[in-house]
Amino acid sequence: MIRVANLSVRYGPTTVLDDLSFDVPSGGGLALWGTNGAGKTTALQALLGLLPFSGTVHLGGHDVRRAGRRARALVGYVPQQVAFWDDLGALDCLAFLARLRRVPFDRAAALLERVDLGAHAAKRVGALSGGMKQRLAVAAALLGDPPILLLDEPTANLDAAARTDVLSLLADLRAGGTTLVVTTHRLAEVKLLSDDVIVLDVGRPRSGRDAERWIHEQTMEDAAWMAL
Amino acid sequence: MDGAVIALIARKEVRDALRNRWFMLYAAAFALLAIGLSQLSLGDGGTVGYAGFGRTAAGLVNLVLLVVPLIALTLGAQSIAGERERGTLATLLAQPVTRAEVLIGKYVGLALALGAALLLGFGLAGAWVAARGGGVEALAYGQVIVAALLLALAMLAVGFVVSAAARRTGGATAVALFIWLGLVFAGDLGLMGTSVTMRMPVSVLLALTLINPLEAYRIGAVASITGSLDVLGPAGVYADRTFGAGLVAVLAGVIVVWTVVSLGAAVMIFNRRGIR
């Protein structure tokens, strides 16, 4: 479903992502793990074709550079820095994005209810809290029921209850066959949402491993540090 | 390109412009200045009605030359750069749309909003003149309006070039103001000074003059109002003799070429830069 080969992104002389390659089969899950500035967000933005990059990215068989529209039609994206048009109401905002995806208005309204923002439909986006905006971003990503979700720290701004709800929604989607690529700092989310992990270190992929084995290693490492 | 996507983005842009207090301020200022100039042109010598539209048009030419490029350049410069700075460009480009559709949609929306604001200003000024009995030379007035709209489209497109390349609205606005100064003052005064010191041939002077879309607008407006370019001196007479009846088409062509080339450049830059 996702095929990435030799993906690199440079800003002038600086390489922010270097030679990343991976395949994610339909219904699979991949976690991108790394510290701040490791290149996780850049990788997701490049997958969507939002940045100039070298290498190749195919989403659902479509080359994102040559057939960007068809490729992006298959993808829902939750960015790390959620940004909507502050003057629009929450539902208006979602309805605008729904029209761009040729999704009926009813679906936008239903998704707003699904992420518990129904009571805030008329509220200006600028007046929503960070967590509410994050939930709005999740709703926007689900417009058109895309077979691929790219999630950049999807629970970063959420409180415990909202995080549980969103993770449950994402787990259901994964069980239903949606392909996920997620960046996160939380081991529990890696375990829930992915089969494989790629560790990024200042833009360089360090390893691609089975998620279970990797989580075991991380846990052992953390325990060793605690013992010291 | 998908026309439905362009229309959708354009419609949103029109709504955003109506919510933008700077845009509303520009529109109100233009309308007030246009009405003020109309009143001044009618009040001269106590004569009401005689060539009312012609005088009003002549007065509005200078207003258009100063204000329209300023509004169009700054609005254009803030468009893409503003979305980039706020992060909403990533939200928009993550949808199944192309960058060209986003840029053209935003351009069409802003062009419609700007055109409506200018027509409102011209319309109010025209209504004011008509109410005071000025009914002569309405055709010249109409030609000045059409030329002003063309000029606005060209300057808006130049603003989009700046915006496509800029990361921040502050920087984009500064560059737009620099271009405005260059076209309005440095182009005019610089050309006058250079032509005198270098004893420039009149053909070269005319060619250099026509490169500037503001000068193309000024010459076209003078030709519409007075019927000849004698008032512009030797260069005007030379232009009349060289192009004859085709002069207006040449001048309109200059402005249209500025629009098309600038929009093409803006799309090219935007395609390369993306959200960065």
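Treat the numbers as computed from the prediction; the structure is a model and nothing was measured. (Residues numbered from 1 in each chain as written. Chains lettered and ligands numbered in written order. Predicted model: local features only at pLDDT ≥ 70, side-chain atom pairs only at ≥ 80, totals over all residues.)

(A) Region of interest: the overall build of chain A. Check the secondary structure of chain A and you find eight helices and 10 strands. Relative to the 2.2 N^0.38 estimate, which gives 17 Å for 228 residues, the radius of gyration of chain A is 18 Å and therefore close to what a compact globule would have. Each principal axis of the C-alpha atoms in chain A carries an extent, and together these give about 50 × 45 × 35 Å. With 228 residues in all, chain A has 44% of them scored as buried. (Helix = DSSP H or I, 4+ residues; strand = E, 2+ residues; numbered from the N terminus. Rg over C-alpha atoms; globule rule 2.2 N^0.38 Å. Buried ≥ 20, exposed ≤ 12 C-beta atoms within 10 Å, placed from the backbone.)

(B) Local environment of the sheet that holds strand S5 (residues 62-63) of chain A. All names here are of chain A. Spatial ordering of the open sheet is given by S2-S1-S4-S5, a layout of four strands whose pairing is antiparallel. Of all strands in the sheet, those bounded by a partner on one side alone are strand S2 (14-24) and S5. Inspection of the sheet shows strand S1 (residues 2-11) paired to S2 by seven bridges, in the antiparallel sense. Across the sheet, residue Tyr11 finds its bridge partner in S2, namely Thr14. (Pairing = 2+ DSSP bridges.)

(C) Broad picture of the packing of helix H5 (residues 99-131) of chain B against helix H6 (residues 138-165) of chain B. All names here are of chain B. Across the interface, H5 lies against H6 with an axial gap of 10 Å and an inter-helix angle of 150 degrees. For the pair H5 and H6, the sense of crossing is right-handed. On H6, the residues that touch Leu103, Tyr107, Leu110, Ala111, Leu114, Gly115, Leu118, Phe122 and Gly126 of H5 are Tyr141, Ile145, Ala148, Leu149, Ala152, Leu153, Leu156, Ala157, Phe160 and Ala164. Tallied by class, the residues present in the contact of H5 with H6 amount to 17 nonpolar, two polar and no charged. (Axes fitted to C-alpha atoms, helices over the stretch in contact; angles between N-to-C directions. Left-handed = near helix turned anticlockwise from the far one by under 90°. Contact = placed C-beta atoms within 7 Å. Nonpolar A, V, L, I, M, F, W, Y, C, P; charged D, E, K, R; others polar.)

(D) Region of the structure containing the packing of H5 of chain B against helix H11 (residues 247-273) of chain B. All names here are of chain B. Remark: H5 packs on H11, axes separated minimally by 9 Å, with the N-to-C direction vectors making an angle of 135 degrees. If you check the angle between H5 and H11, you find them oblique. Here H5 and H11 pass one another in a crossing that is right-handed. For the pair H5 and H11, the contacting residues are Arg99, Ala100, Leu103 and Tyr107 in the first and Leu263, Ala266, Val267, Phe270 and Asn271 in the second. In terms of residue class, the contact of H5 with H11 is built from seven nonpolar, one polar and one charged. (Parallel < 35°, antiparallel > 145°, perpendicular 65-115°, else oblique.)

(E) Spotlight on the interface of chain A and chain B. Taken together, the 21 residues of chain A in the interface contact 19 residues of chain B. Elements with a minimum of two residues in the side of chain A that touches chain B: helix H2 (68-72) and helix H3 (90-100) of chain A. With four residues, the single largest contributor to the side of chain A that touches chain B is H3 of chain A. Grouping the amino acids of the side of chain A that touches chain B by side-chain chemistry returns 13 nonpolar, three polar and five charged.

(F) Looking closely at the confidence of the model for chain A. On average, residues of chain A score 89 in pLDDT, and 96% of them reach the 70 mark or higher. The least confident element of chain A is helix H8 (residues 211-227) of chain A, whose mean pLDDT is 70; the most confident is strand S6 (residues 75-78) of chain A, at 96. (pLDDT = per-residue confidence, 0-100.)

(G) A look at unusual backbone geometry. Residues and elements named next belong to chain A. The backbone of Asp19 shows a phi angle near 60 degrees, a positive value even though the residue is not glycine. Its place among the elements puts Asp19 in strand S2. By C-beta crowding, Asp19 is classed as partly exposed, having 14 other C-beta atoms within 10 Å. Phi at Arg102 is positive, roughly 60 degrees, even though this residue is not glycine. Note that Arg102 resides in the loop between H3 and helix H4 (105-114). Classification of Arg102 as exposed rests on a count of 12 C-beta atoms within 10 Å.

(H) Spatial organisation of the nonpolar core. Counting 155 residues, the largest nonpolar core has Leu94 of chain A together with Leu114, Leu151 and Leu156 of chain B as its most contacted members. Every residue in contact with Leu94 of chain A, bar those within four places of it in the chain, is listed here: Ala108, Leu111, Leu112, Leu136, Ala139 and Ala140 of chain A. (Core = buried A, V, L, I, M, F, W, Y, C linked by C-beta atoms within 7 Å.)

(I) Layout of the pairing of strand S7 (residues 148-152) of chain A. Residues and elements named next belong to chain A. For S7, a buried count of five out of five residues is recorded, marking the element as mostly surrounded by other parts of the structure. Going residue by residue along S7, you find Ile148, Leu150 and Asp152 tucked away on one face and Leu149 and Leu151 tucked away on the opposite face as well. Examined bridge by bridge, S6 and S7 share four bridges and lie parallel to one another. Across the sheet, Tyr77 pairs through a bridge with Leu150, a residue of S7. With five bridges connecting them, S7 and strand S8 (residues 179-183) associate as parallel partners. When the sheet's bridge partners are listed, Leu149 is paired in S8 with Leu180. For the crossover from S7 across helix H6 (residues 160-175) to S8, the handedness is right-handed. (Right-handed = clockwise from strand over helix to strand, strands pointing away.)

(J) Geometry of H6 of chain A. Residues and elements named next belong to chain A. Between its terminal C-alpha atoms H6 stretches 22 Å, which fits the 22 Å expected from 16 residues at 1.5 Å a residue. Residues of H6 that are buried in the fold lie against strand S3 (29-33), helix H5 (130-141), S8 and helix H7 (187-193). Backbone geometry just downstream of H6 places Gly177 in the positive-phi region, at approximately 105 degrees. (Expected span 1.5 Å × (residues − 1).)

(K) Looking closely at the environment of Ala138 of chain B. Residues and elements named next belong to chain B. On the secondary structure map, Ala138 appears in helix H6. Taking the number of C-beta atoms within 10 Å as the measure of exposure, Ala138 has 16 and is therefore partly exposed. Considered as a pair, Ala138 and Ala207 are 69 residues apart in the sequence and their alpha carbons are 30 Å apart.

(L) Examining the environment of Leu208 of chain B more closely. All names here are of chain B. Residue placement: Leu208 occurs in helix H8 (residues 202-211). Accessibility expressed as a C-beta count within 10 Å gives 17 for Leu208, which makes it partly exposed. Separated by 17 residues in the primary sequence, Leu208 and Leu191 have C-alpha atoms spaced 7.8 Å apart.

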